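If you want the building blocks of each chain, they are given just below.
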Amino acid sequence: MMTPLTVSKLTFHIVQLFEQNDALRDVQVVGEVSNWKRAASGHIYFRLKDEGATINAVMWKGNALAHGWLPREGDQVVAHGYVGVYAESGAYQLYANRLQPAGKGQLYAQFEALRERLRAAGLFDEARKRPVPAMPSRIGIVTSPDAAALRDILRVLSARWPLVDVLIFPTLVQGADAPPRIAAAIDAANRYARKVAQIDVLIVARGGGSIEDLWAFNDERVVYALAGSDIPTIAGVGHETDFTMVDFVADLRAPTPSAAAAAAVPSRDDLRDQLLASIRVLQQRAGQRILQERRALGQLDARLHRIHPQRQLDQQRQRLDERERRLHLAANRILSQRRERRLAAAQQLEALNPLRVLGRGYSIVQHAGGAVITTPAMVAAGDRLWVRASGGGYHVEVNDPEIGRLGD
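In this report, the structure presented in the accompanying data block is examined. None of these values were measured; they are calculated from a predicted model. (Residues numbered from 1 in each chain as written. Predicted model: local features only at pLDDT ≥ 70, side-chain atom pairs only at ≥ 80, totals over all residues. Heavy atoms only, no water.)

## Considering a nonpolar patch on the surface
Reasoning step 1: Together, Leu5, Leu10 and Ile14 line one region of the surface with nonpolar side chains, adding up to about 270 Å² of accessible area.
Reasoning step 2: With respect to the secondary-structure elements, leucine 5 resides in the segment before helix H1 (7–20). (Patch = residues over 30% accessible without salt bridge, like charges linked within 9 Å, V, L, I, M, F, W, Y side chains within 5 Å. Areas by Shrake-Rupley, 256 points an atom, 1.4 Å probe, with all protein chains shown as cover. Salt bridge = Lys/Arg side-chain N within 4 Å of Asp/Glu carboxyl O. Helix = DSSP H or I, 4+ residues; strand = E, 2+ residues; numbered from the N terminus.)

Printed below as a string of structure tokens:
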């Protein structure tokens, strides 16, 4: 007979299955945000749903603070993270560390409207675009001097055609101040070409990012500066799937900064090609060895992750948030019950109120000393009585000496 498992042991086994599945350790999930709640701890709990399913998700406070943009209820997002099990409730959930807008949000709508306006102005016409020189002697680069994109460009230029001269026109590439700075850098390159020395091709570049990060390259000031350049231009902004307005107006669009550098210069001679072929073989073997070592390291890392204190802290964080929620619910329930009991007592008191009887036409008769008259025998001729009715009170005097027999 099979030995029964405890709930904890069964759940631990399920947790291990999730953690051993590489496909669940690094996922991107597209869905609609619902039940968006930020706990007092700063952690964010929400759900992702589509027409067929729903998954609970959590983003820890540190990851949430690192976001310049966070979605609202009903937004379509792409969530990146890993899938794990919250043992206390026995439910799996997505632990998100990055959220990006999906579909056509507000920025996407602005992007489409701007593209249509610039297309109507003729800035994207193929007829106005110029060929890029096949063998330039001098290249200008408009980008951030501190960006990885510049290092990638210089690396590619050095590898493919080290004889070329490079001039850097530094600028910001992100933020509200970036568009005028980028436009000024493009104008500076053209002034240099007119007054100092020829520049054969101008590269405008920056690394990848979200649509918000790349928005400076959708600014009309940058687009018109690039369109007015006397120097043939290459746009290398973002990753292969990223598109900005400079991609459409430039003479040549490259998918990445590195690809822009590769498009700007020729490759070396056949000897260099042979050497590069040998290097590629070595790189392939090295890559295979690195891949093997990376897999082994990944297995060790997974084992370490299962016993890492941070994992326990993450679970305790969620337990604390859940118990705080339950405490609030219990307190609200007790307060509601107390209010209901108080209302019932008030209704009972109101039902026993003697003034309600007076309202139906009855009166209370009292002696001057305050004693209530309950039988005729308590009244004698000449007594002065006080009668209290619904509308007020008044005095009466007993004159009939036979008043004692009125009750007969």
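## Focus: the environment of aspartate 242
Reasoning step 1: Along the chain, aspartate 242 turns up in the loop between strand E9 (233–237) and helix H8 (245–249).
Reasoning step 2: In the structure, aspartate 242 is positioned 33 residues away from glycine 209 in sequence and 8.3 Å away in space, judged by C-alpha atoms.
Reasoning step 3: Those residues within four positions of aspartate 242 in sequence are excluded, and the remaining contacts are Gly208, Gly209, Leu214, Val237, Asp247 and Arg253.
Reasoning step 4: Of the polar contacts made by the side chain of aspartate 242, one reaches the backbone nitrogen of histidine 239; its length is 2.7 Å. (Contact = heavy atoms within 4.5 Å. Polar contact = N/O pair within 3.5 Å; in protein donor to acceptor, adjacent residues only side chain to side chain.)

## Points about the nonpolar core
Reasoning step 1: With 32 residues, the main nonpolar core has Val142, Ile182, Ile186, Phe217 and Met245 as its most contacted residues.
Reasoning step 2: Put simply, the parts of the chain that give this core at least two residues each are helix H4 (106–120), helix H6 (178–195), strand E8 (201–206), helix H7 (220–227), E9 and H8.
Reasoning step 3: Ranked by residue count, the leading element in this core is H6, at six residues.
Reasoning step 4: Among residues more than four places away in sequence, those in contact with methionine 245 are Phe111, Leu114, Arg115, Leu118, Phe124, Phe217, Asn218 and Val223. (Core = buried A, V, L, I, M, F, W, Y, C linked by side-chain atoms within 4.5 Å. Buried < 20%, exposed > 50% of the residue type's maximum accessible area, 1.4 Å probe, protein only.)

## Topic: the pairing of E8
Successive side chains on a regular strand alternate, one facing one side of the sheet and the next facing the other.
Reasoning step 1: Among the six residues of E8, six are classified as buried, and the element is accordingly described as predominantly covered.
Reasoning step 2: Of the two faces of E8, both are covered, the one formed by Val201, Ile203 and Ala205 as well as the one formed by Leu202, Val204 and Arg206.
Reasoning step 3: Two strands pair when backbone bridges link them, and strand E6 (residues 138–143) and E8 are joined in this way by four bridges, in the parallel orientation. Bridging from a neighbouring strand, valine 142 pairs with valine 204 of E8. (Pairing = 2+ DSSP bridges.)

## Focus: the packing of helix H5 (residues 148–160) against helix H9 (residues 257–264)
Reasoning step 1: Where H5 contacts H9, the two axes come as close as 8 Å, and the packing angle between them is 30 degrees. Looking at the two axes, H5 sits roughly parallel to H9. In the packing of H5 onto H9, the handedness of the crossing is right-handed. Here H5 contributes Ala149, Asp152, Ile153, Arg155, Val156, Leu157 and Arg160 to the contact with H9, which in turn contributes Pro257, Ser258, Ala261 and Ala262.
Reasoning step 2: A breakdown of the residues in the contact of H5 with H9 according to their chemical character gives seven nonpolar, one polar and three charged. (Axes fitted to C-alpha atoms, helices over the stretch in contact; angles between N-to-C directions. Parallel < 35°, antiparallel > 145°, perpendicular 65-115°, else oblique. Left-handed = near helix turned anticlockwise from the far one by under 90°. Nonpolar A, V, L, I, M, F, W, Y, C, P; charged D, E, K, R; others polar.)

## Regarding the sheet that holds E6
Reasoning step 1: Here we have five strands laid out as an open sheet, ordered E7-E6-E8-E9-E10, and parallel in their pairing. Looking at strand neighbours, the two that pair on one side only are strand E7 (165–170) and strand E10 (252–253), the edges of this open sheet.
Reasoning step 2: Two strands pair when backbone bridges link them, and E6 and E7 are joined in this way by six bridges, in the parallel orientation. Bridging from a neighbouring strand, glycine 140 pairs with leucine 167 of E7.
Reasoning step 3: Sitting on the sheet, H6 is in contact with E6, E7 and E8, with an inclination near 140 degrees to E7.
Reasoning step 4: Its contacts with the sheet place H9 against E6, E8, E9 and E10, and it is angled at close to 170 degrees to E8.

## Things to note about unusual backbone geometry
Reasoning step 1: One non-glycine residue with positive phi stands out, namely asparagine 35, at about 55 degrees.
Reasoning step 2: When you line up the elements, asparagine 35 lands in strand E1 (residues 27–38).
Reasoning step 3: Residue class for asparagine 35 comes out partly exposed when judged on its relative accessible area of 37%.

## Things to note about the packing of aromatic side chains
Reasoning step 1: Summed over all chains, the structure comprises six aromatic pairs.
Reasoning step 2: Centroid distance tryptophan 60 to tyrosine 95: 6.0 Å. Interplanar angle 40 degrees. Geometry classified as tilted. Separated by 35 residues along the polypeptide, tryptophan 60 in the loop between strand E3 (54–59) and helix H3 (61–65) and tyrosine 95 in strand E5 (residues 91–101) bring together distant segments of the chain. You'll find tryptophan 60 and tyrosine 95 in the same group, each marked buried.
Reasoning step 3: Both rings, one in tyrosine 82 and one in tyrosine 95, keep their centres 5.0 Å apart while their planes meet at 10 degrees; by these two values the pair is stacked. A residue pair is termed long-range when its members are at least 10 positions apart, and tyrosine 82 in strand E4 (residues 76–86) and tyrosine 95 in strand E5 qualify at 13 residues.
Reasoning step 4: Overall, the relative accessible area of 6% leaves tyrosine 95 in the buried class.
Reasoning step 5: Of the aromatic side chains, those joined through ring pairs into one cluster are Trp60, Tyr82 and Tyr95.
Reasoning step 6: When the ring centre of phenylalanine 243 is taken as origin, the NZ or CZ atom of arginine 253, which lies over that ring, is 4.0 Å away.
Reasoning step 7: Here the guanidinium or amino end of arginine 317 rests over the ring plane of tryptophan 60, the centre of that ring lying 5.8 Å away. (Phe/Tyr/Trp six-rings, centres within 6.5 Å; stacked < 30°, edge-to-face > 60°. Lys NZ or Arg CZ within 6 Å of the ring centre and 35° of its normal.)

## Quick word on the side chain of serine 144
Reasoning step 1: Counting through the fold element by element, serine 144 comes out in the loop between E6 and H5.
Reasoning step 2: Judged by its relative accessible area of 14%, serine 144 is buried.
Reasoning step 3: In this structure serine 144 touches Leu150, Thr171 and Val173, once residues within four positions along its chain are discounted.

## Structural notes on the pattern of salt bridges
Reasoning step 1: Tallying each qualifying case throughout the model produces 15 salt bridges.
Reasoning step 2: The salt bridge partner of glutamate 112 is arginine 115, with a shortest N-O separation of 2.9 Å. Of this pair, glutamate 112 and arginine 115 both sit in helix H4, three residues apart, which is roughly one turn of that helix.
Reasoning step 3: The residue arginine 155 makes a salt bridge to aspartate 152 at a minimum N-O spacing of 3.6 Å. Of this pair, arginine 155 and aspartate 152 both sit in helix H5, three residues apart, roughly one helical turn.
Reasoning step 4: A residue is classified by how much of its surface remains accessible, and arginine 155, at 49% relative accessible area, is partly exposed.

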